[in-house]
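# Coordinate inspection notes
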Amino acid sequence: MAAAVSLPTDPIEREPIVDLSHVSKDYDAGGGIVHAMRDVSLSIARGEFVAIVGTSGSGKSTMMNILGCLDRPTHGTYSLAGLDVGARASDSRAIVRNRVIGFIFQGFNLLPRTTALENCELPLQYRGVGARERRRRATAALQAVGLGERMDHKPNQLSGGQQQRVAIARALVTDPPLLLADEPTGNLDTRTSLEVLALLQRLNRERGITVVLVTHERDIAACASRVVTMRDGRIVSDVVQDAPLDAAAELEAVPPPDAGGPASQPESAHTDLAVRRARMPVPARVYVSMFLASRLGLAFVYLLLALAGVAHADAKLGLVVAAHALGLLAEARRGAQVARKRLGYPLTNEQRLRLALRYTLGTGAAAAALVLAVTFGKLFAVAAHLGAVSIVALLSDHLAGRSAPVSVAAYAVFLAALVLLRYLLLALLGPRR
Ligand SMILES: Nc1ncnc2c1ncn2[C@@H]1O[C@H](COP(=O)(O)OP(=O)(O)OP(=O)(O)O)[C@@H](O)[C@H]1O
Ligand SMILES: [Mg+2]
């Protein structure tokens, strides 16, 4: 499905439009200084399509505000289209900003009681463009985003995707060479996100407009020709994607919302995007965080037991089961949260099943190895002191004296039940969006 998006190769078009050199941004947040950006150097050539990704608080919006001349670096220099904007007074920065940059926001930021056409005319009005010329250019911009028929609609008469397209038209109306978008698809569903992205890709390809967008979604970042990842105010990776996804081609595979028939189920369950999401491997960190959370849950109960004066080696089955139940709850909650953060969307059912299966088999195999060790008496002392394996010890006691096939079958049933339980808990305790 992926199709290559060609970028301008002409060296003149490829000269940097954005050049951050050793930029830091500190905020004085009362309780202390927040280092929102730390020594960031980034050069973006004309015609590039760059996605900025990173966890919440990593400094993406801070960087966008600096790129957009809405804020100034604490240290370092920023040159925009060859002009050192960091050094300029704020009026002069505003002039550069209005000439060079178009902004698109997550919340669209349209004036509510004003038609699409009037919203698009606004930036031209600020520039003192005459009424007739304003109307002509705003009309052309709305037609370019496919809203020629909706020009007299007010924002509340438009869908989310249409409102975002009005916002893009408003950003385009001044013909800026650079579009900056902070989570432009954050409020939109899959199909509408792809529509907006296809539009941005077309503007990038056909008009050579440089696009820099912030996103939490891997699918959206997959459409960029370059992905910059931030962490703790620094750029930790900067990767060129030779064959970015073509949003328009992806969109063709998504059935229109009113197509009727089974293909038009909500959630577009049969779309390529949904399939790709489902196939996306669950990051290793999710497994690790689940394991740690379950140990913490267990440790918590054993700590309570210890405080209550019950040595856990003597703990009754009920208490051990309670500890493990808390471990299961903790790991499901944490695993689902970490997955949401790392993937940019909640786990799909398929991913949940895969996660539950692999995690259970992995930890189950480790536990089985311990059962064998326990059974042969070698590690009993160690195992008994690791609260973590007490249920395994109980199980092995319980099964002692039974035939091997019965033990193995009982263990297999136990694991299967665990897989199902984890799958359900991941769904029940995970974030919805
Ligand atoms: N005006 C401010 N005053 C103080 N601290 C701020 C200010 N703006 C941002 N910060 C801090 O700077 C850090 C980076 O924030 P920023 O908004 O750039 O993150 P982000 O990557 O955009 O996160 P998100 O994905 O949640 O939008 C955070 O720790 C934030 O609390
Ligand atoms: Mg942000």
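Keep in mind the model is a prediction, meaning the values are calculated, not measured. (Residues numbered from 1 in each chain as written. Chains lettered and ligands numbered in written order. Predicted model: local features only at pLDDT ≥ 70, side-chain atom pairs only at ≥ 80, totals over all residues.)

Quick look at the overall build of the chain now. Scanning the chain from terminus to terminus reveals 15 helices and ten strands. Counting over 433 residues, the chain shows a buried share of 38%. Relative to all contacts within the chain whose residues are 6 or more apart in sequence, the contacts with residues 24 or more apart total 72%. (Helix = DSSP H or I, 4+ residues; strand = E, 2+ residues; numbered from the N terminus. Buried ≥ 20, exposed ≤ 12 C-beta atoms within 10 Å, placed from the backbone. Contact = placed C-beta atoms within 7 Å.)

We now examine the sheet that holds strand β2 (residues 33–45). One open sheet accounts for four strands, arranged β2-β1-β4-β5; its pairing is antiparallel. The outermost strands of the open sheet, each flanked by one partner alone, are β2 and β5 (83–84). Here strand β1 (residues 16–28) runs beside β2; their pairing, made up of nine bridges, is antiparallel. Bridge pairing in β2 links V23 to V40. (Pairing = 2+ DSSP bridges.)

Regular strands place side chains that alternate from one sheet face to the opposite one. Across the six residues that make up strand β3 (residues 49–54), a large majority, six, are buried. Side chains F49, A51 and V53 of β3 all project onto a buried face; the interleaved residues V50, I52 and G54 project onto the opposite face, where all are buried too. Relative to strand β9 (residues 226–231), β3 runs parallel, the two being bridged by five bridges. Pairing of V50 across the sheet is with R226, part of β9.

Moving on, we come to the site of ligand 1. Every residue near ligand 1 is listed here: Y27, A29, V34, A36, G54, S56, G57, S58, G59, K60, S61 and T62. Taken together, the elements giving at least two residues each to the shell around ligand 1 come down to β2 and α1 (60–67). With three residues, the top contributor of residues to the shell around ligand 1 is α1. In terms of residue class, the shell around ligand 1 is made up of four nonpolar, seven polar and one charged. (Near = placed C-beta within 6 Å. Nonpolar A, V, L, I, M, F, W, Y, C, P; charged D, E, K, R; others polar.)

Judged by pairing direction, the sheet is mixed, and its six strands sit side by side in the order β6-β7-β8-β3-β9-β10 without closing on themselves. At either end of the open sheet lies a strand with only one pairing partner, and these are β6 (101–105) and β10 (234–240). Neighbour-to-neighbour, the strand axes of the sheet open up by a mean angle of 15 degrees, direction not taken into account. With five bridges joining them, strand β7 (residues 178–182) and strand β8 (residues 210–214) adopt parallel strand pairing. Each residue of the ladder has a partner; that of L179, found in β8, is V211. (Axes fitted to C-alpha atoms, helices over the stretch in contact; angles between N-to-C directions.)

Glancing now at the nonpolar core. Counting 72 residues, the largest nonpolar core has A51, I52, C120, L142, A169 and L180 as its most contacted members. Core analysis: the next-biggest nonpolar cluster, separate from the first, contains 17 residues, V286, L343, Y359 and Y423 among them. (Core = buried A, V, L, I, M, F, W, Y, C linked by C-beta atoms within 7 Å.)

Direction vectors running N to C along helix α5 (residues 160–172) and helix α6 (residues 190–207) enclose 20 degrees, while the axes themselves pass 9 Å from each other. Of the possible angle classes, the one that applies to α5 and α6 is roughly parallel. For the crossing formed where α5 meets α6, the hand is right-handed. Contacts from G160, G161, Q164, R165 and I168 of α5 reach α6 at T192, E195, V196 and L199. Class assignment of the residues belonging to the contact of α5 with α6 gives a composition of three nonpolar, four polar and two charged. (Parallel < 35°, antiparallel > 145°, perpendicular 65-115°, else oblique. Left-handed = near helix turned anticlockwise from the far one by under 90°.)

Let us now look at the environment of H35. Among the structural elements, H35 can be located in strand β2. Setting aside chain neighbours within four positions, we find H35 in contact with S24, D26 and G233.

Tracing the chain through its elements places R46 in the loop between β2 and β3. A count of 20 C-beta atoms within 10 Å places R46 in the buried class. In the structure, R46 is positioned 163 residues away from I209 in sequence and 7.3 Å away in space, judged by C-alpha atoms.

The next subject is the confidence of the model for the chain. Residues of the chain with pLDDT of at least 70 account for 81%, and the chain-wide mean is 82. When mean pLDDT is taken per element in the chain, β9 scores highest with 97 and helix α13 (residues 380–385) scores lowest with 51. Within the model, pLDDT remains below 50 along residues 1–8, and this stretch shows 23 contacts once partners closer than five positions in the same chain are excluded. With pLDDT under 50 throughout, residues 259–272 is counted as low confidence; its partners more than four residues away or in other chains account for 18 contacts. (pLDDT = per-residue confidence, 0-100.)

With that settled, the discussion passes to helix α4 (residues 131–144). Look at α4: 20 Å from first C-alpha to last across 14 residues, which is about the 20 Å you get at 1.5 Å a residue. All buried positions along α4 are accounted for by R134, R137, A138, A141 and L142. For α4, the angular spread of the buried residues around the axis is 135 degrees, confining them to a single face. Facing away from the buried side of α4 by over 90 degrees, the exposed positions are R132 and E133. The inward-facing, buried residues of α4 contact α3 (116–126) and α5. At the exit of α4 stands G146, carrying a positive phi of roughly 80 degrees. (Expected span 1.5 Å × (residues − 1). Arc of directions from axis to C-beta.)

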